Number of protein chains: 2
Amino acid sequence: MNEQIIEELQNIVGPEQVLTSPEDLICYSYDGTFTEHRPDVAVLPASTEEVSEILKVAYREGIPVVPRGMGSGLAAGSIPFSGGIALSLTRMNRILEIDHDNMMATAQAGVITADLAAAVEAEGLFYPPDPASIRQSTIGGNVAANAGGPRCLKYGVTGDYVMALEVVLADGRIFRTGGKAIKNVTGYNLVQLMVGSEGTLGVVTEVTVKLLAMPPAKRTALVTFPRLADAGRAVNAVLSAGILPATLELMDETAINSVEDYLHIGLPREAEAILVIETDGDEADASRDIEVVADICRQEGAGEVRVAATAAESDELWQARRSVSPSLGQKRPNKLGEDITVPRSAIPEMVARLKEISRKHDLPIVIFGHAGDGNLHPNILFDRRDPDEWERVQQAVGDIFAAAVELGGALSGEHGVGALKRPYLEMNLGPIAIDVMRNIKKALDPKGILNPGKIFPA
Amino acid sequence: MNEQIIEELQNIVGPEQVLTSPEDLICYSYDGTFTEHRPDVAVLPASTEEVSEILKVAYREGIPVVPRGMGSGLAAGSIPFSGGIALSLTRMNRILEIDHDNMMATAQAGVITADLAAAVEAEGLFYPPDPASIRQSTIGGNVAANAGGPRCLKYGVTGDYVMALEVVLADGRIFRTGGKAIKNVTGYNLVQLMVGSEGTLGVVTEVTVKLLAMPPAKRTALVTFPRLADAGRAVNAVLSAGILPATLELMDETAINSVEDYLHIGLPREAEAILVIETDGDEADASRDIEVVADICRQEGAGEVRVAATAAESDELWQARRSVSPSLGQKRPNKLGEDITVPRSAIPEMVARLKEISRKHDLPIVIFGHAGDGNLHPNILFDRRDPDEWERVQQAVGDIFAAAVELGGALSGEHGVGALKRPYLEMNLGPIAIDVMRNIKKALDPKGILNPGKIFPA
């Protein structure tokens, strides 16, 4: 990038907020995946106006701009594969308002989501979306990927909470869309168009989310199923009974054994599945619901049902589910965590297909995820240094996506398409939907400078 | 329209489904407003393929196409002001599937929403959105306007239930977007872009909605407030207490008196407000919640609190709220029902402004609506034959919108922009958001044939 442009960027954000040394740029070259690519420059604006000025320069010059939160993404959505500007929003980290009367909060895009959740919780309010990355990822990144989490079964994903956005367009124009009115049919729903658009349509600089009252109580159960198919049926039976647990998490036997190898907490190695279920509400509801859930699980063939009596016991039960991901690091040098979703009736079939794919390609695939909403995270364990194994991983990924799509599902429930899933998008959406999306992309970013090489097939 | 095109349309749908006589066209010239304009032809396709073929002809010839359900809209969104083809979807009225395992239903666009709700209810399932037009309007029309209703406070609007759509584009191409996977971040959210787009981006031909388990019990209360401001505070106090009633409906004193003049059921004429509140859930929850709500209302200054003991009593209480609209017809020859929304903290201020606007323009404005979600329906009563009065009505409408926008609200919560609110859209959204929307419109409908003259300012 030429010196004059660097100077221009320095004039906008100050010289210290424009990074060009290789050691600095490395920090902006990766995310939560195994991919990396260095930007030409990393720029750290402190305000929406600075973002706007940066984009005006980039638009004039046709320089790629890759917006970035904390780089915890799992789809290579924030890797600057075309170089250009890595636009880090982490300095825009102020919570601007907690509005009690309307039960909403407004934050700059760079606020860590856990900080936002804690700030509203301190005032008795509740921001439900709980991506696993909640302590690292930013609310702006969560909006870009429409992040989910275990609690999204009952409470919905990030997009369900976004009421309003401040957005900077590719050409630097700033606009606001949405508002604090709960219902709104005035023109097209630009808020939900921006949510999940992975920084390809605009740079989100401010987010207003709605909040709930904090449920006073929760109860947790860990339910063992000798047979996986029974666990799948239990999920549907619980939901059909009109009980909506906050979470309904599945671990298959590979996940159970991985965690047991790691923690030695006495998980049933021979069980085909565990469900970790949490109910919430007031004390009476949470307790009654967990008992109803336990009864339904028993009717559907559950073995042991452990209901936590205390918060400490509940933490213990959750430890099993939370340790799946960390435990996998012990097994093989690399893991590729996918994020497919299927209609929840298809979960048992999807799990069967995953086991078949694992055998076919001779690769361990650990299965866990959000069974209640059909969002599974099959994790392939491998060693990237082995080219043959890496080839098999790529074939397995293709097979996984094909199976999900065949069962009426989608490539991604909460991670996004990013760069990694682009080759499979057409298989999922078909050519006409992609053409419509391309036309929208062109309409909003005619020069194609915003996060190029993401979402759309090459 | 020339004979050759008429013949082509007849070849697509059959001669009897192409209407050209003046007496037939009158039926397709109006909606729920006071506006009307005749199309050149009304065409009634029976399938998505026929819709596609019709659009191919229209696209080739540059003929306006105005999609239409049952014509119950309240924003002149389906009036064919530019002539062309009125595309009635009412023959596409089959419920295609009720999927118990995934708790979803799929219907053609022309299914009456009440028929869909009844069909799923017969199987123990629940489709919550309940627009006042539910017995007349179609699910396709509800999607086009993102229809709401009283129950949307707890359960959300139509768009919150739309999982997947089949859409015919302006050029006749057919595509599906969304699916039965609950979480989905694969490309842009075209489902929510279509929802509320009022037939300007594509013709929705099939809709898949998610369903809930039917709540087994509900309880209703009618609460009288001597002072309106107290009713506003009670609404916020209830919601802040973590109680989410199914409905939280407001009637101001003008609405109370209008209904009392009409029904003579002993409503408190001197009260400044009534709230009609319904809780639901299982028997214990619904009963407990209505008691908590009643207590909170008393603390906030309620006078009489009537809690229905039986379903029949509950119907009686609802009769008051349901009769507001019909009662207004007795008062003056015409009424103009607006649909503004404000952040719910601003409801008392909005009501005060409405009263001021009523005085300023010497026009009765009856106020009622969905207080829990900030969506009010101020109804201006007038006689359109009086040109001076009509002029004052238009000024009052402008003042109402200006007040709503100033308080952080929107022009429409559930009726849409249509033709009637176009002049005010820029005041609400600003020029940049409208430019973005125009670019999206151009990207999807480059010839501008789909429902021209709607949403966008002239």
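Counting starts from 1 at the beginning of each chain's written sequence and moves along it residue by residue. Following the order in which they are written, the chains are lettered starting with A and the ligands numbered starting with 1. A pLDDT threshold of at least 70 governs which residues receive local features in this predicted model, and a stricter bar of 80 or more applies before side-chain atom pairs are shown or counted, although totals over entire chains, interfaces and linings include all residues. Water and hydrogen atoms were dropped before computing side-chain values, which therefore reflect all heavy atoms in the structure.

1. Notes on the overall build of chain A
Condition: Under the DSSP-based scheme used, a helix requires at least four consecutive residues in state H or I and a strand at least two consecutive residues in state E, with every element numbered from the N terminus. To get the radius of gyration, use the C-alpha atoms; to get the globule rule, take the number of residues to the power 0.38 and multiply by 2.2 Å. Classification of residues uses two cut-offs on accessible area relative to the type maximum, computed with a 1.4 Å probe and protein chains only: under 20% is buried, over 50% is exposed, and between them is partly exposed. Residues are treated as being in contact if the distance between any of their heavy atoms lies within 4.5 Å.
Tallying secondary structure elements over chain A gives 15 helices and 18 strands in all. Whereas a compact globule of 458 residues would reach a radius of gyration of roughly 23 Å, chain A reaches 22 Å, a difference of no more than 12%. When its C-alpha atoms are laid out on the principal axes, chain A stretches across 70 × 60 × 40 Å. Classification of the 458 residues of chain A by burial places 63% in the buried group. Considering only intrachain contacts with a sequence separation of at least 6, the fraction spanning at least 24 residues in chain A is 71%.

2. Considering the domain arrangement of chain A
Residue and element names in this part refer to chain A. Selection criterion: Domain limits in this description derive from either an automatic procedure or a database domain assignment. For salt bridges, the criterion is a side-chain nitrogen of Lys or Arg within 4 Å of an Asp or Glu carboxyl oxygen. Any pair of nitrogen or oxygen atoms within 3.5 Å is treated as a polar contact; in protein, a donor-acceptor pairing is required on top of that, and neighbouring residues in sequence qualify only through side-chain atoms on both sides.
Assigned domains of chain A: these are domain 1 (3-88), domain 2 (95-213), domain 3 (217-325) and domain 4 (332-429). The C-alpha-based centres of domain 3 and domain 4 are spaced at 23 Å. Every contact between the two is made by 16 residues of domain 3 and, on the other side, 15 residues of domain 4. The interface formed by domain 3 and domain 4 includes two salt bridges. At the junction of domain 3 and domain 4, the tally comes to ten residue pairs in polar contact (both at pLDDT 80 or more). Of all elements in the fold, only α8 (228-240), β13 (247-252), α9 (253-263) and α12 (324-328) reach the threshold of two or more residues within the side of domain 3 that touches domain 4.

3. Some remarks on the packing of aromatic side chains
Our working definition: Pairing of aromatic side chains requires ring centres within 6.5 Å, counting the rings of Phe and Tyr and the six-membered ring of Trp. Pairs whose planes differ by under 30 degrees are stacked, by over 60 edge-to-face, and all others tilted. Sitting over a ring, as applied to charges here, requires NZ of Lys or CZ of Arg to be within 6 Å of the ring centre and within 35 degrees of the ring normal.
A full pass over the atoms with the stated rule returns twelve aromatic pairs over all chains. Seen in terms of ring centroids, A:Y127 and A:Y161 are 6.0 Å apart; in terms of plane orientation they differ by 75°. Their pairing is edge-to-face. Pair noted here: A:Y127 is in the loop between β7 (125-126) and α5 (139-145) and A:Y161 is in the loop between α6 (152-155) and β8 (162-168), with a separation of 34 residues, a long-range link. There is no split in this pair, since A:Y127 and A:Y161 are both buried. Ring centres of B:F126 and B:Y155 lie 5.2 Å apart, and the angle between their planes is 90°; on these two criteria the pair is classed as edge-to-face. In this pair, B:F126 sits in strand β7 (residues 125-126) while B:Y155 sits in helix α6 (residues 152-155), placing the two residues 29 residues apart along the sequence. Grouping residues by exposure puts B:F126 and B:Y155 together as buried. Here the aromatic residues A:F34, A:F382 and A:W390 are joined through ring pairs into a cluster of three or more. Stacked on the ring of A:Y59, the Lys or Arg A:K447 has its end atom at 4.6 Å from the ring centre. The residue whose ring lies beneath B:R68 is B:Y30, and the NZ or CZ to ring-centre distance is 6.0 Å.

4. Some details on the sheet that holds strand β4 (residues 85-88) of chain A
Residues and elements named next belong to chain A. Counted only if it meets this: Think of it this way: DSSP has to see at least two bridges between two strands before they count as a pair. Under this scheme, a helix contributes an axis fitted over its contacting stretch, all axes are lines through C-alpha atoms, and angles between N-to-C directions fall in the 0 to 180 degree range.
Spatially, four strands are ordered β1-β2-β4-β3 in an open sheet, and the strand pairing comes out mixed. Edge positions in the open sheet fall to β1 (18-19) and β3 (65-68), since each of these has one partner strand only. In the sheet, strand β2 (residues 41-43) pairs with β4 via three bridges, with the strands oriented parallel. By the bridge assignment, V43 is partnered in β4 with L87. This element, helix α3 (residues 48-61), spans β2, β3 and β4 of the sheet and lies at about 170° to β4.

5. Regarding the interface of chain A and chain B
Spelled out, the test is: Summed over both partners, the accessible surface that disappears when two parts come together, traced with a 1.4 Å probe, is what is meant by buried area. Gly counts as polar in this scheme, as do all residues outside two lists: the nonpolar Ala, Val, Leu, Ile, Met, Phe, Trp, Tyr, Cys and Pro, and the charged Asp, Glu, Lys and Arg.
At the junction of the two partners, chain A supplies 73 residues and chain B supplies 73 residues. Here chain A packs against chain B, burying approximately 5,500 Å² in sum over the two surfaces, 62% of which is carbon and sulfur. Contact with chain B buries area across many residues of chain A, yet A:K183, A:V185 and A:Y188 alone supply 18% of it, more than any other trio. Remark: the boundary between chain A and chain B carries ten salt bridges. Taken together, chain A and chain B are joined by 20 residue pairs in polar contact (both at pLDDT 80 or more). Only β9 (174-178), α7 (190-194), α8, α10 (283-299) and α15 (425-444) of chain A provide two or more residues apiece to the side of chain A that touches chain B. Counting residues per element, the side of chain A that touches chain B draws most heavily on α15(A), at 13 residues. A class-by-class count of the residues in the side of chain A that touches chain B yields 31 nonpolar, 28 polar and 14 charged.

6. Some details on helix α1 (residues 3-13) of chain A
Residue and element names in this part refer to chain A. To keep it simple, the criterion reads: What the arc describes is the spread of directions from the helix axis to the C-beta atoms.
Of all the residues in α1, the buried ones are I5, I6, L9, I12 and V13. The arc that holds every buried residue of α1, seen down its axis, measures 115°, which confines them to one face. Opposite its buried face, α1 presents the exposed residues E3, Q4 and N11, each directed more than 90 degrees away. Residues of α1 that are buried make contact with β1, β2, α3 and β4. Sitting at the head of α1, N2 places a side-chain oxygen 3.0 Å from the backbone nitrogen of Q4. Just beyond α1, the residue with positive phi is G14, at close to 95°.

7. Concerning the side chain of B:D99
Residues and elements named next belong to chain B. Position of D99 among the secondary structure elements: in strand β5 (residues 95-99). Engagement of the side chain of D99 in a polar contact is seen with the backbone nitrogen of D101, the distance being 3.1 Å. Those residues in contact with D99 that lie beyond four places of it in its chain are M104 and K180.

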